[in-house]
Amino acid sequence: MLPILALSFALAAVVTLLIIRSSHLHGALSADHDLSGPQKFHSRPVPRVGGVAIFCGFSVGTAVLAWRYPAMRHLAALLLLCSVPAFVSGVIEDLTKRVSPLRRMLATLLAAALGAWLLGAQIKETAIPGLDFIASTAVGGYLLALLVVSGVSNSINIIDGMNGLASMCSAIMLAGLAYVALQAGDQLVAAMAIAVIGAVLGFFMWNYPFGLIFLGDGGAYFLGFMLSELAILLLVRNPDVSPMFPLLLCAYPVWETVFSMYRRKVVRGRPVGMPDGIHLHSLIYRRLMRWALGSKDAAVLTRANALTAPYLWVLCSLSVVPATIWWDDTVMLQIILGLFVTGYVLLYWRIVRFRTPRWMVLNSRDDAQPPVSRAE
């Protein structure tokens, strides 16, 4: 599968570079000019259509897959087709800033419905008390698939707040998915996941650490759709894989979303869809990168942004690694999921209460200047 990975990476990298170099031509439409929002950490307008490059890279990887493995051609083409509504709605939002969250959610639900209809990507088992009865019915399995795909797609969009955060976390989760698919003997799911990984890494090399281009809604919704749809297909095609595996695999973005909804609605009494600046990655940026506080220098802000994402890559890996080890052991996956959720809440509580663990803090000495790297 190396040619699939290499070609999807190469094309995504080239298209990303072309978007960056031509930004003076399309920046009025494609760039993120809002520098003051609660989740904005960049210091200049940046193109936010990186999802276009990822989609192009994945399309080439799919073409290579169809050429090398004719038996997979039909399903690969259908999966690419199903992803279009989620991707296109996000790109239109990136360009116009006029697509409401409801319309984007409906587009993602349409993509999930196409996957459930054309690919049979329906959830038949959950290993969650109460939901298995719903999943056992035809309508229930269909509706659960729609809920999961739209939820995961939105969760990737929520964690897309720092350079390299959503893209690398997606690559880590897709790598775990590809590994388990190979263990289960599912060449199609593994190959499609690898095609997405190649495209994501081609984008990542320009997004991290300097933030020369952003993932955008198109990229976030596309990655969320592919991750969730491939995970459902893995369960449908391989009964040996535990239904808890996808949930633990995506534990970080999914729990970030659930916790954000609870925080906004229950704790703060605000609509669940209203953006705020107190996601875990936002707190890490503000509370741990203390030498950057108060500085408006672009190089310092960029460095602080880049140093935040690795903390969350590690957090994401803490669920992905055990998920790939115990992918067929439902009880063990449930235990680890409970530990992950508990650890997340405790970490969030400590940071928000100003009791940040010392080992996490990057803090310059009073008589030292913050390290500065020049943005290209």
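Residues numbered from 1 in each chain as written. Predicted model: local features only at pLDDT ≥ 70, side-chain atom pairs only at ≥ 80, totals over all residues. Heavy atoms only, no water.

### Section: the overall build of the protein
Secondary structure summary: the protein contains 15 helices and two strands in total. The long-range share in the protein, meaning contacts at least 24 apart out of those at least 6 apart in sequence, stands at 75%. Entry remark: accessible area of the protein is about 16,700 Å², with carbon and sulfur atoms responsible for 67%. (Helix = DSSP H or I, 4+ residues; strand = E, 2+ residues; numbered from the N terminus. Contact = heavy atoms within 4.5 Å. Areas by Shrake-Rupley, 256 points an atom, 1.4 Å probe, with all protein chains shown as cover.)

### Let's talk about the confidence of the model for the protein
On average, the protein scores 88 in pLDDT, and the residues at 70 or more come to 87%. The low-confidence segment residues 364-376, where pLDDT is below 50, has 15 contacts with residues more than four positions distant or belonging to other chains. (pLDDT = per-residue confidence, 0-100.)

### Some thoughts on the packing of helix H5 (residues 101-118) against helix H7 (residues 138-158)
Remark: H5 packs on H7, axes separated minimally by 9 Å, with the N-to-C direction vectors making an angle of 135°. Classified by the angle their axes make, H5 and H7 are oblique. Of the two elements, H5 crosses H7, and the hand of that crossing is right-handed. Here Arg 104, Thr 108, Leu 109, Ala 112, Ala 113, Ala 116 and Trp 117 of H5 lie close against H7, whose contacting residues are Tyr 142, Ala 145, Leu 146, Val 149, Ser 150, Ser 153 and Asn 157. Within the contact of H5 with H7, the residues separate by chemical class into nine nonpolar, four polar and one charged. (Axes fitted to C-alpha atoms, helices over the stretch in contact; angles between N-to-C directions. Parallel < 35°, antiparallel > 145°, perpendicular 65-115°, else oblique. Left-handed = near helix turned anticlockwise from the far one by under 90°. Nonpolar A, V, L, I, M, F, W, Y, C, P; charged D, E, K, R; others polar.)

### Structural notes on the side chain of Ser 155
The residue Ser 155 is located in helix H7 in this model. With near-sequence residues (within four places) excluded, Ser 155 lies in contact with Pro 253, Val 254 and Thr 257.

### Description of helix H10 (residues 216-237)
With 22 residues, H10 ought to run about 32 Å at 1.5 Å a step, and its terminal C-alpha atoms sit 32 Å apart, in line with that. Burial of H10 is extensive: 19 of the 22 residues sit out of reach of the surface. (Expected span 1.5 Å × (residues − 1). Buried < 20%, exposed > 50% of the residue type's maximum accessible area, 1.4 Å probe, protein only.)

### Examining the side chain of Glu 93
Along the polypeptide, Glu 93 turns up in helix H4 (residues 73-96). Although Glu 93 is buried, it makes no salt bridge; Arg 104 carries the closest opposite charge, 4.2 Å away. Every residue in contact with Glu 93, bar those within four places of it in the chain, is listed here: Arg 48, Arg 98, Val 99, Arg 104 and Asp 217. (Lys, Arg positive; Asp, Glu negative; His and termini not counted. Salt bridge = Lys/Arg side-chain N within 4 Å of Asp/Glu carboxyl O.)

### Focus on helix H1 (residues 2-21)
The end-to-end C-alpha distance of H1, which contains 20 residues, comes to 28 Å, matching closely the 28 Å that a straight helix rising 1.5 Å per residue would cover. Those residues of H1 that sit buried are Ile 4, Ser 8, Ala 12, Ala 13, Val 15, Thr 16, Ile 19 and Ile 20.

### Quick look at the nonpolar core
Ranked by internal contacts, the top residues of the largest apolar core, which has 112 residues, are Phe 58, Met 173, Leu 177, Leu 230, Phe 245, Tyr 252 and Trp 313. Examining the composition of this core, we find that 14 residues originate from one element, helix H9 (residues 187-207), more than from any other. (Core = buried A, V, L, I, M, F, W, Y, C linked by side-chain atoms within 4.5 Å.)

### A closer look at unusual backbone geometry
Looking along the chain, the bond that leaves Tyr 208 and enters Pro 209 is cis, with omega of 10°. Residue placement: Pro 209 occurs in the loop between H9 and H10. In this structure, Lys 97 is a non-glycine residue whose phi angle is positive, near 60°. By secondary structure assignment, the location of Lys 97 is in the loop between H4 and H5. One non-glycine residue, Ala 127, lies in positive phi territory at about 65°. By secondary structure assignment, the location of Ala 127 is in the loop between H5 and helix H6 (131-135). Taking relative accessible area as the criterion, Ala 127 reaches 18% and is therefore assigned buried.

### Digging into the environment of Ala 76
For Ala 76, the location among the structural elements is in helix H4. For the pair Ala 76 and Leu 65, spaced 11 residues apart in sequence, the C-alpha separation works out to 7.8 Å.

### Description of a nonpolar patch on the surface
Where nonpolar side chains cluster on the molecular surface, the patch consists of Leu 102, Met 105 and Leu 106 and spans about 290 Å² of accessible area. The class for Leu 102 is exposed, based on a relative accessible area of 51%. (Patch = residues over 30% accessible without salt bridge, like charges linked within 9 Å, V, L, I, M, F, W, Y side chains within 5 Å.)

### A few points about the pattern of salt bridges
Using the criterion set out here, one finds four salt bridges in the structure. In this structure, Arg 48 engages Asp 217 in a salt bridge whose closest nitrogen and oxygen atoms are separated by 3.6 Å. Of this pair, Arg 48 sits in the loop between strand S2 (46-47) and helix H3 (50-68) while Asp 217 sits in helix H10, and the two are 169 residues apart along the sequence. Taken as a pair, Arg 48 and Asp 217 share a single burial class, namely buried. When the shortest N-O distance is used, the salt bridge between Asp 186 and Arg 237 registers 2.8 Å. Here Arg 237 lies in helix H10 and Asp 186 lies in the loop between helix H8 (165-183) and H9, a separation of 51 residues in the sequence. For Arg 237, a relative accessible area of 38% translates into the label partly exposed.

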